[in-house]
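Tertiary structure, described
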Amino acid sequence: MTSPEASTELPSVAPQLRALRRRASLTLEAAAGAAGLSPAHLSRLETGQRQPSLPMLLALARIYGTTVSELLGETAADRDAVIRATDMEPTVAGGWTYVQAGAAGRGMQALRVQVPHGSQGDIVRVHPGEEWLYVLKGRLRLRLGDATHRLGPGDSAHFDSLTPHRIAAQDPDGVELLFVHTLLQSPTATLCLGPTPGETP
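All of the points below concern the structure found in this document.

Reading the values: the criteria
- Once a new chain begins, its residue numbering starts again from 1 and follows that chain's sequence as written.
- At least 70 in pLDDT is required for a residue's local features to be given in this predicted model, at least 80 for side-chain atom pairs to be given and counted, and no such filter applies to totals for whole chains, interfaces and linings, which use all residues.
- As a rule here, side-chain values cover all heavy atoms of the structure and leave hydrogens and water aside.
- In this description, a line fitted to the C-alpha atoms serves as the axis of each element, helices being fitted only across the stretch in contact, and the angle between N-to-C directions of two axes falls anywhere from 0 to 180 degrees.
- Counting from the N terminus, the helices are DSSP H or I runs at least four residues long and the strands are E runs at least two residues long.
- For classification purposes, angles smaller than 35 degrees are called roughly parallel, those larger than 145 roughly antiparallel, those between 65 and 115 roughly perpendicular, and all remaining angles oblique.
- Contacts were defined at the residue level, with two residues in contact if any of their heavy atoms lie within 4.5 Å.
- In short, DSSP must find at least two bridges between two strands for them to pair.

1. Considering the packing of helix 3 (residues 28–35) against helix 4 (residues 39–46)
Interaxial distance between helix 3 and helix 4 falls to 8 Å at its minimum, and their mutual angle equals 105°. Between helix 3 and helix 4, the angle falls in the class roughly perpendicular. Between helix 3 and helix 4, the contacting residues are Leu28, Glu29, Ala31 and Ala32 on the first element and Pro39, Leu42, Ser43 and Glu46 on the second.

If you want it as structure tokens, here you go:
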């Protein structure tokens, strides 16, 4: 059951999810199927009863032909070249804490992300585009295809997002990242959720 606190952490997401789905002329069933969700789960996201994780937001943004910034309720009028630290409000979703570190409505999205230990360690993502990440603090375990990489502060990775990938904090204190990704709009964009068979996070 979702706690009252969890349901209010992303107040702008629920109405935006429904409005953008309708703008894309997608039924609840079609959008949920494209995102790998059940219609009931997507309905709960749209009514604010459930909280979307960052990977879910990325998947829905691609399906609706938009950006995470627009899903979070930001508009083109908010698009400034300079983003002040005092204007960046942290958002908590799926255990991650992230802050928009780039302008809204751009083809390339920049985030500052805090990943707690054990959070979403079993989620494998596959989608069109590119990703670049830079470790600010802590140690990161990055799974790319069949290879596992361990990155520390100052290390970075740049990869094709169609390569199955998984991000997990290696240390109990979590890891802090700079994360940049492209939002290639594709109706076939997929998000694969669940543990890789025979593996533990």
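2. Points about unusual backbone geometry
A positive phi is found at Ser25, a non-glycine position, where the angle reads about 55°. In this fold, Ser25 is placed in the loop between helix 2 (13–23) and helix 3.

3. Describing the sheet that holds strand 2 (residues 96–100)
In spatial order, the strands read 1-2-3-9-4-7; together these 6 strands make up an open sheet with antiparallel pairing. Whereas interior strands pair on both sides, the edge strands pair on one side only; in this sheet they are strand 1 (91–93) and strand 7 (156–160). Adjacent strand axes in the sheet meet at a mean angle of 25°, parallel and antiparallel pairs treated alike. Inspection of the sheet shows strand 4 (residues 130–137) paired to strand 7 by 5 bridges, in the antiparallel sense. If you follow Tyr134 over to strand 7, its bridge partner there is Ser156.

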